[in-house]
Amino acid sequence: MQNLPTPRNINDADGTAVYDARDLIVNGLKAAIVLDGQTYTLRITRAGKLILTK
């Protein structure tokens, strides 16, 4: 497994880690995210929106 990016911040109120999407999408195109054996694709659109698909 690749090294994960370090969170930019951790919300003290609820412990939520905050990541910049561009740190996750290192090639500028897409990132694969795996949850319970299912692979999802995270993309940044030209308009700067995030899309998560299965």
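Refer to the preceding data block for the structure.
Residues numbered from 1 in each chain as written. Predicted model: local features only at pLDDT ≥ 70, side-chain atom pairs only at ≥ 80, totals over all residues. Heavy atoms only, no water.

Chemist: If you had to explain the environment of leucine 29 to someone new, which residues and values would you point to?
Modeler: Residue placement: leucine 29 occurs in the loop between α1 (21–24) and β3 (30–35). Assessed through its relative accessible area of 58%, leucine 29 is described here as exposed. Separated by 16 residues in sequence, leucine 29 and threonine 45 place their C-alpha atoms 8.5 Å apart. Leaving out residues up to four positions away in the same chain, leucine 29 has contacts with Leu42, Arg43 and Ile44. (Helix = DSSP H or I, 4+ residues; strand = E, 2+ residues; numbered from the N terminus. Buried < 20%, exposed > 50% of the residue type's maximum accessible area, 1.4 Å probe, protein only. Contact = heavy atoms within 4.5 Å.)

Chemist: Please give an account of the pairing of strand β5 (residues 50–53) that cites residues and values.
Modeler: Of the pairings in the sheet, the one linking strand β4 (residues 38–44) to β5 comprises four bridges and is antiparallel in character. By the bridge assignment for β5, threonine 41 is matched with threonine 53. Count of turn residues in the β4/β5 antiparallel hairpin: five residues, of which glycine 48 carries a positive phi of about 85 degrees. (Pairing = 2+ DSSP bridges.)

Scope: geometric values only; no functional claims are made or implied.
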